[in-house]
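Fold and geometry: a report
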Amino acid sequence: MIVTIQNECLTVDIEDLGAQLASVRNHHGTEYLWQGDADIWARRAPILFPVLCGLKDNTYLLDGVPYHMNKHGFARDCVFEVVEHTDTKASFRLTDNEETRRMYPFSFTLTVTYTLEENRLIKCHRVENRSEQVMYYELGVHDGFRAPLEEGETMGQYAIRLPGLEDAIEPYGLNEQSLVTPKNGTIALENGRIALDPTTYHLDTVILDQPPQARAVLVDGQDRPRVTADFADFPYLGIWTQAKPFDTNYVCIEPWSTLPDATFVGRELKDKAGIRSLQPGAWEELSYTATFT
């Protein structure tokens, strides 16, 4: 099922499957969101919960007990309940069930709320621990944006800017098992621009922690901001597109609560870098805003 919210600036479609964005269009009809392509990347904007990226051997430990979970967790493949829908706001809720508890033995509620304010889309993730023990979780945004946005442009003309990082970035590495490795030096930027294809830097994903202003800006060939992501609640950022021998014409701007599984952390879920924890009955909200121009 598709739920639509709109105002004078934007029309936004959201699927109940995964509570993920399906379309973001301005009043001129420009589509900002990647629309999926099975030959490139079939998804559009999955929500990553309760883990993000891959686990070593698809396994984590909880108090020494192994649990198995596929890449990016299960929320992206679950149907959410629509709990609120107005012209400019929609909320979707996922609660645990027998299947989720086999992979993740916690009782939880994940509520995702989209709110339109002029040309800004605010996406709020509320996580509640309904268990009787401390709950550990990860949460990530994986929104894919079209690049280029207009006819006659190319992907290579577009770039990412991170205000406050003008000369160089210091990303984490990745090994052959896609586990994060320690930072290994800086990468110089050209006029403060990060190329949209991470393979430019011999990386699958550009992974950064604590970008100075918690902001990432997708700019076009004239350096005009087209999509601006503000993510003060998320300490990590991933920039990714599928590695292909041709322009894929999209880039994912991914605020993350946590680092993906890494060579320098233990196997216990609670040992992961940046892991979130909630006491029984507690909740917290992680939000980010995308501005479309």
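Let us look at the structure shown here. Each chain carries its own residue numbering, running from 1 in the written order of its sequence. Side-chain atom pairs in this predicted model are given and counted only at pLDDT of 80 or more, local residue features only at pLDDT of at least 70, and totals for whole chains, interfaces and linings cover all residues. Only heavy atoms go into the side-chain values, all of them from the structure, while hydrogens and water stay out.

**Some details on the pairing of strand 22 (residues 225-230)**
Heads up, the condition is: Two strands make a pair as long as DSSP finds a minimum of two bridges between them. Starting at the N terminus, helices and strands are each numbered in turn, a helix being any DSSP run of H or I of at least four residues and a strand any DSSP run of E of at least two.
Pairing analysis gives five bridges linking strand 21 (residues 215-219) to strand 22, with the strands arranged antiparallel. If you follow Val 219 over to strand 22, its bridge partner there is Pro 225. Between the antiparallel neighbours strand 21 and strand 22 lie five residues, among them Asp 223 with a positive phi of about 65°. The sheet contact formed by strand 22 and strand 26 (residues 283-292) spans four bridges and is antiparallel. Each residue of the ladder has a partner; that of Val 227, found in strand 26, is Phe 292.

**Overview of unusual backbone geometry**
A negative phi holds for most residues other than glycine; trans holds for most peptide bonds. Quick note on the threshold: Each residue's exposure class comes from its accessible area (1.4 Å probe, protein chains only) as a fraction of the maximum for that residue type: buried when under 20%, exposed when over 50%, partly exposed otherwise.
Cis peptide bonds are those with omega within 30 degrees of zero, and the linkage from Phe 49 to Pro 50 qualifies with 5°. With respect to the helices and strands, the residue Pro 50 is situated in the loop between strand 4 (47-48) and strand 5 (59-62). Cis rather than trans, the peptide bond between Ala 147 and Pro 148 has omega equal to 15°. Phi at Asn 58 takes a positive value of approximately 55°, unusual for a residue other than glycine. Following the sequence through the fold, Asn 58 ends up in the loop between strand 4 and strand 5. Relative accessible area serves as the criterion here: at 35%, Asn 58 is assigned to the partly exposed category.

**Re the nonpolar core**
Rule in force here: Buried Ala, Val, Leu, Ile, Met, Phe, Trp, Tyr and Cys residues form a nonpolar core when they are joined through side-chain atoms within 4.5 Å. Throughout, a residue-residue contact means that at least one pair of heavy atoms, one from each residue, lies within 4.5 Å.
Counting residues in each nonpolar core, the largest one holds 73 residues, and the members touching the most others are Tyr 104 and Leu 110. In terms of residue count, strand 9 (residues 108-117) provides more of this core than any other element does, five residues in total. Excluding anything up to four places from it in sequence, Leu 110 contacts Phe 49, Ala 75, Phe 80, Phe 92, Arg 93, Leu 94, His 125, Arg 126, Val 127 and Leu 139. The next biggest cluster of nonpolar side chains, apart from the first, holds twelve residues, and it includes Leu 52, Cys 53, Ala 262 and Ala 273.

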